[in-house]
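Residue strings, one per chain:
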Amino acid sequence: MSASTERAVVAACEAVTRRYTRGSSQARSFFGLRSTEPAPSVTAVDEVDLHVHAGEIVGVEGPSGSGKSTLLHLLAALETPTSGTVTVAGRRTESLSARARTRLRLDAVGIVFQRFHLLPALPARSNVAVPLVELGVSKRERRERAETMLERVGLGDRLGHRPGELSGGEQQRVAIARALITEPALLIADEPTGELDTATGRAITTLFEQIADEGTAVVVASHDGSTLAIADRVIELRDGARVDG
Amino acid sequence: MGSRLRRAVARLQLSGHLVRQRLRHTAPRRTVLAVVGVALAVGLFVTVSGVSVALATEGSVVSSDVDYWITPEGTSSTTLPVSVGGPRFGEVHSVATRLSETAAISYASPVAVDVLRVTHNGTGEYVILVGVIAHPDLSVAGVSAAPLTPGDPHYANGTYEGPWTGELVLSTGASDLLNATHGARLQLQAQRGSQNRSLAVAGVSAGGTTGLGSVPVGLLHLAELQALTGATTGDTADQILVATDDVGVRDDLAGVYSNSNVVARSDSGLNRLTESSVALALATAGFLVSLVLGVLFVATTLGLEVQTDRNLWATFSALGFSRWSRALLILFQTLLLGVAGGVLGLLLGRGGVWVANVALTSMVAGTTVAVFPPAFIAVGLLLAVGIALFTTPYLVWLTARGNTIEALRN
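Just so we're clear, the structure is a prediction, and the values are computed from it rather than from any experiment.

**Considering the overall build of chain B**
The secondary structure content of chain B amounts to eleven helices and 13 strands. Residues counted as buried form 50% of the 410 residues belonging to chain B. The contacts of chain B with a sequence gap of at least 6 include a subset with a gap of at least 24, amounting to 77%. When the accessible surface of chain B is summed, it comes to about 18200 Å², and 60% of that surface belongs to carbon and sulfur atoms.

Structure follows, in structure tokens:
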């Protein structure tokens, strides 16, 4: 998409490598091993270059263990690279303290998880407003902004429903609304339709298109071709390296 | 409202939601167990301290009598009533007579104390002489006044011309010291302005024992001691002892003399001090043991819960909640559970005090053996808050040591 190159760069990876040492919890996590199982050392992301522009949807595809999730974690400042640089909203994450990276996530990054990770006791409205608690927003404003955001994702009639009272697709919409409530420049979605049926998944991807149209950069990792079909461009990873040319 | 305060209030509200989430969804049993743990700790503390405080304040006197000392302000109420040159009460015979005529008071006696040299068969020793208005049930420092002629015959309505009984009851310590037994005649060296008199040992009584050992005590009629010491002018004494089985008279006694204190009686001031210290030590130990038990219990139950909730804390981290913020969320939750446990514990403790009173009074005595003063509410809640505060660092450490990404995958 040639227009994307004219827009501001929201996130950038320059020769990024992420290596996990043998036996580390990250290595175990990468291989999906239990804490008692030995984990070998692994290069999860290998010399990856990537620029994500405002309003752009970037798809990340590849088989399991190819480094998709690790790349997303690097972009979300949940991890720092072993070498190379990751820049998000103009800030180099590898030079930031853990506290500063947490603040960067609050200010500039929204994350959508495959398993939603909503708080079961809270109604949709309160779930969406959770990040605003950290920002010190007043209760009234939290409520107003959360309701506006839920209406935007099509859940204006589900404000007081708790996650247990919502379908999988509705829960994912709540999670997306929560990710967008702080108006982040970058939205990271790791397998966002992995637990949804095809029709519901399609509704979610349509929502991502709307979000991107409003200027938010979206990075989506998925095994599912229909999810990636909305992407302006798709990068492919194998063994941590880009193979899409 | 400032941003900081608004954030704190919002975190508190969110913590409340998280507690509710645990109670309803994720870990109801462990959450209830944590509350019960705090409640048991607070309840245990309140019950143990209730008995300790009752001991210290002598609400648990194991006799039917409740006795009081009226002492001049500024004197120690926890020492044996030995007063040399200290403030004294005046017109004590008339005050004691008036008090004795009160229906709720069994008897009242002034107590004057002086140290005089007493000689027997050429052996002279200083003895603590205690002057009283004799009553068969009266004992001072463990020495019984029963062998003395009841009342104070020599006083004779303030004329000091009544019969001189010359009776003296010695403590075993004084008896041993002077080698004087029943019937022995003792010589007293009177003070300036008085004449030397002889006294006869009317009895030897066990007593005069304090935490420091046996002291030589002699009990005699007050007017005779006053005559020996030249204290007849003003009719003075050091203290007034009031025997009653009605705790309600205490307030009335406080108004008998201005600048006076009313304290519960014990056999010995030193014993009283010792008992108070033991009670304080018991209460302190109860507090510390309850604190440790509560912390261990809550740390175990909530620790397991935090481990189970790893993905919750990882989610908060991913959403941009700082480590400090997450620690505050844990602190607020622990405090909420702690305070809930504290309130429950106070109710349990109140029940424990009631049970102790019902059970022990039926077996031992007809009076209170444990109390629940209002201060227990504050101390009990303080204990609950303490348990929460001491538990929080461990819970924060548990959440911080996990791998966020690993937790998010689960």
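**Things to note about empty space enclosed by the protein**
For the structure on display, the rule yields six cavities of 30 Å³ or more. Computed from the structure, the second largest cavity encloses a volume of approximately 70 Å³. Taken together, Arg-105, Leu-106, Val-109, Gly-110, Ile-111, Pro-131, Arg-178, Ala-179 and Thr-182 of chain A together with Ala-318 and Leu-319 of chain B make up the full set of residues lining the second largest cavity. Residue assignment for the lining of the second largest cavity shows that the elements contributing at least two residues are helix H3 (98-108), strand S6 (109-112) and helix H6 (168-180) of chain A together with helix H8 (310-319) of chain B. With three residues, S6 of chain A is the largest single contributor of residues to the lining of the second largest cavity. Its residues assigned to classes, the lining of the second largest cavity comprises seven nonpolar, two polar and two charged.

**Here we look at helix H4 (residues 124-134) of chain A**
Residues and elements named next belong to chain A. Burial within H4 is extensive, with ten of its eleven residues counted as buried. Buried residues of H4: Ala-124, Arg-125, Asn-127, Val-128, Ala-129, Val-130, Pro-131, Leu-132, Val-133 and Glu-134, and no others. Trailing H4 by a residue or two, Gly-136 shows a phi angle of about 75 degrees, which is positive.

**Some points on the pairing of strand S8 (residues 197-205) of chain B**
Residues and elements named next belong to chain B. By the bridge criterion, five bridges tie strand S6 (residues 167-171) to S8 in an arrangement that is parallel. Opposite Glu-167, over in S8, you have Ala-200 as the bridge partner. Across four bridges, the pairing between strand S7 (residues 185-188) and S8 is antiparallel. Bridging across to S8, Arg-185 finds its partner in Ala-200.

**Focus on the sheet that holds strand S5 (residues 91-92) of chain A**
Residues and elements named next belong to chain A. Spatial ordering of the open sheet is given by S2-S1-S4-S5, a layout of four strands whose pairing is antiparallel. The sheet terminates laterally at strand S2 (42-53) and S5, the two strands that pair on one side only. Inspection of the sheet shows strand S1 (residues 9-20) paired to S2 by eight bridges, in the antiparallel sense. The residue bridging Arg-19 from the neighbouring strand is Thr-43, located in S2.

**A word on unusual backbone geometry**
If you check the backbone angles, Glu-47 of chain A has positive phi at about 55 degrees while not being a glycine. With respect to the helices and strands, Glu-47 of chain A occurs in strand S2.

**Details of helix H5 (residues 139-152) of chain A**
Here H5 of chain A contains 14 residues, and its C-alpha end-to-end distance of 20 Å stays within 8% of the 20 Å for a straight helix at 1.5 Å per residue. Along H5 of chain A, the positions that sit buried rather than exposed are Arg-142, Ala-146, Met-149 and Leu-150 of chain A. One side of H5 of chain A carries all its buried residues, which in axial view fall inside an arc of 100 degrees. Exposed side chains of H5 of chain A directed beyond 90 degrees from the buried face belong to Arg-140, Thr-148 and Glu-151 of chain A. Along its buried surface, H5 of chain A packs onto H4 and H6 of chain A together with helix H1 (3-26) of chain B.

**Examining a negative patch on the surface**
A cluster of acidic side chains, namely Glu-14, Asp-46, Glu-47, Asp-49 and Asp-239 of chain A, defines a negative patch on the protein surface. When residues in the negative patch are grouped by element, the largest group, three residues, is from S2 of chain A.

**Topic: the interface of chain B and chain A**
Taken together, the contact pairs 31 residues of chain B with 31 residues of chain A. Here chain B packs against chain A, burying approximately 2800 Å² in sum over the two surfaces, 59% of which is carbon and sulfur. Among the residues of chain B in contact with chain A, Leu-319, Ile-405 and Arg-409 of chain B are the three that bury the most area, contributing 21% of the side total. Remark: the boundary between chain B and chain A carries one salt bridge. The salt bridge involving Arg-11 of chain B is made with Glu-134 of chain A; its shortest N-O contact spans 3.6 Å. Where chain B touches chain A, the interface holds seven residue pairs in polar contact (both at pLDDT 80 or more). Put simply, the parts of the chain that give the side of chain B that touches chain A at least two residues each are H1, H8 and helix H11 (404-409) of chain B. When residues in the side of chain B that touches chain A are grouped by element, the largest group, 13 residues, is from H1 of chain B. Taken together, the residues of the side of chain B that touches chain A sort by class into ten nonpolar, 14 polar and seven charged.

**Re the confidence of the model for chain B**
Residues and elements named next belong to chain B. On average, residues of chain B score 80 in pLDDT, and 84% of them are at 70 or above. With pLDDT under 50 throughout, residues 58-65 is counted as low confidence; its partners more than four residues away or in other chains account for 18 contacts. Residue range residues 266-275 is modelled with pLDDT below 50. Its contacts to residues more than four positions away, or to other chains, number 24 contacts. Scored as a complex, the prediction yields pTM 0.63 and ipTM 0.86.

**What about the nonpolar core?**
Among soluble globular proteins, nonpolar side chains are generally buried collectively. Formed by 40 residues in total, the largest nonpolar core has its most connected members in Leu-119 and Val-130 of chain A together with Leu-14, Trp-313, Phe-316, Phe-321 and Ile-387 of chain B. Listed by contribution, the elements that provide at least two residues to this core are H4 of chain A together with H1, helix H2 (28-56), helix H7 (269-308), H8, helix H9 (323-363) and helix H10 (375-400) of chain B. When residues no more than four places from it in sequence are discounted, the contact partners of Leu-119 of chain A are Asn-127, Val-130 and Pro-163 of chain A together with Leu-14, Leu-18, Gln-21, Leu-312 and Phe-316 of chain B. If you look at the next biggest cluster of nonpolar residues, it comprises 39 residues, including Val-60, Leu-74, Ala-76 and Phe-113 of chain A.

Definitions and cut-offs
Residues numbered from 1 in each chain as written. Chains lettered and ligands numbered in written order. Predicted model: local features only at pLDDT ≥ 70, side-chain atom pairs only at ≥ 80, totals over all residues. Heavy atoms only, no water. Helix = DSSP H or I, 4+ residues; strand = E, 2+ residues; numbered from the N terminus. Buried < 20%, exposed > 50% of the residue type's maximum accessible area, 1.4 Å probe, protein only. Contact = heavy atoms within 4.5 Å. Areas by Shrake-Rupley, 256 points an atom, 1.4 Å probe, with all protein chains shown as cover. 1 Å grid on protein atoms, 1.4 Å probe; cavity = no way out; pocket = protein on both sides within 12 Å on 5 of 7 lines; lining within 4 Å. Points joined across faces, edges and corners; volume = space filled by probe spheres on them. Nonpolar A, V, L, I, M, F, W, Y, C, P; charged D, E, K, R; others polar. Pairing = 2+ DSSP bridges. Expected span 1.5 Å × (residues − 1). Arc of directions from axis to C-beta. Patch = residues over 30% accessible without salt bridge, like charges linked within 9 Å, V, L, I, M, F, W, Y side chains within 5 Å. Salt bridge = Lys/Arg side-chain N within 4 Å of Asp/Glu carboxyl O. Lys, Arg positive; Asp, Glu negative; His and termini not counted. Charge placed at Lys NZ, Arg CZ, Asp CG, Glu CD. Buried area = accessible area lost by both parts, 1.4 Å probe. Polar contact = N/O pair within 3.5 Å; in protein donor to acceptor, adjacent residues only side chain to side chain. pLDDT = per-residue confidence, 0-100. Core = buried A, V, L, I, M, F, W, Y, C linked by side-chain atoms within 4.5 Å.

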